[in-house]
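# Structure assessment
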Amino acid sequence: MRRFPPASLVAMVIVLSLLVLAPIATASDKYEKNENVKIDPARKPAPGKALIYFARTQVMGAAIKAKLYAGEEFVSILASKTFVPYECDPGKHVFAVVAENAGLLDAEVVADKIYVVQVAMHMGAMKARVHFEVARKDSEALEEFLDAKGDLEGITTTDDGRAWVKEDAEHDLKKMKKYREKGEVETLKPEDGTDTLP
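I will try to describe carefully the structure that is included in this document.

What counts and what doesn't
Residues numbered from 1 in each chain as written. Predicted model: local features only at pLDDT ≥ 70, side-chain atom pairs only at ≥ 80, totals over all residues. Heavy atoms only, no water. Salt bridge = Lys/Arg side-chain N within 4 Å of Asp/Glu carboxyl O. Helix = DSSP H or I, 4+ residues; strand = E, 2+ residues; numbered from the N terminus. Buried < 20%, exposed > 50% of the residue type's maximum accessible area, 1.4 Å probe, protein only. Pairing = 2+ DSSP bridges. Polar contact = N/O pair within 3.5 Å; in protein donor to acceptor, adjacent residues only side chain to side chain. Contact = heavy atoms within 4.5 Å. Core = buried A, V, L, I, M, F, W, Y, C linked by side-chain atoms within 4.5 Å.

### Some thoughts on the pattern of salt bridges
According to the stated counting rule, one finds 11 salt bridges in the structure shown. Between K30 and D29 there is a salt bridge whose closest N-O contact spans 3.6 Å. As a salt-bridge pair, E184 and R129 come within 3.1 Å of each other at their nearest N and O atoms. With E184 in the loop between α3 (159-181) and β11 (185-188) and R129 in strand β9 (residues 128-134), this pair connects stretches of sequence that are 55 residues apart. Its relative accessible area of 35% is what places E184 among the partly exposed residues. Given a relative accessible area of 29%, R129 falls into the partly exposed group.

### Considerations on the pairing of strand β6 (residues 91-98)
The pairing of strand β3 (residues 66-70) with β6 spans four bridges and is classified as antiparallel. Counterpart to L68 in the pairing with β6 is V97. With eight bridges joining them, β6 and strand β7 (residues 102-109) adopt antiparallel strand pairing. Residue H93 lies in a different strand from β7, and its bridge partner there is A107. Hairpin connection, β6 to β7: the antiparallel pair is bridged by three residues.

### Regarding the side chain of D192
Residue placement: D192 occurs in the segment after β11. Here K189 takes part through its backbone nitrogen, which lies 2.7 Å from a polar atom of the side chain of D192. Those residues in contact with D192 that lie beyond four places of it in its chain are I114, Y115, V134, R136 and T187.

### Structural notes on the nonpolar core
Of all hydrophobic cores here, the largest spans 41 residues; its most connected members are I52, F54, F95, L105, F132 and L188. Per element, the largest residue contribution to this core is five residues, and it comes from β7. Those residues in contact with F132 that sit more than four places away from it in its chain are F54, L68, F95, A96, V97, G103, L104, L105, V117, Q118, V119 and E186. Counting residues in each nonpolar core, the second largest holds 14 residues, with I39, L51, L142 and L152 among its members.

### Re the environment of A141
Its location among the elements puts A141 in helix α2 (residues 140-148). Along the chain, A141 and T57 lie 84 residues apart, while their C-alpha atoms are 9.3 Å from each other. Setting aside residues no more than four positions away along its own chain, A141 makes contact with Q118, E133, V134 and A135.

What follows is the structure, encoded as structure tokens:
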């Protein structure tokens, strides 16, 4: 006679399986990727503005959502293989990307130039770390951007995503302050800009 596991054991296996799979099933509840939105190589900044492309080219840490801020203002979630175009006035700006840590970018941009900044994810001993890498001429960041540019998709933060960001805002600001005090800041310089997208 064949023996079956008790019903309570079967139920526990099902519940545990759902808990393990839940993050995968709900990974995009905070954002939507749009495969029809690609980087337009002909796009120029609006007159008198600078255009910064923030791109997350890597697959590493795909389950981790990175929150992009301009100053203390939330801009967008960045997921793996997505990009966000950001137009701003010329001059100095501060950006942050927040996940389990905070990466900081002090930027100085000039009008009518295009800049590319990679949002990079690296796995540490205990957690993933996110930071900015400016795609300068002859840099590895530029090489990675050029390799991935055609595969990147636009991204939109959902209402659930905005609610999540709002809940975490105070905690995110503390992370930004902590990592600024540590001096972990990338810089974007006026000369990093180009007239056309690389």
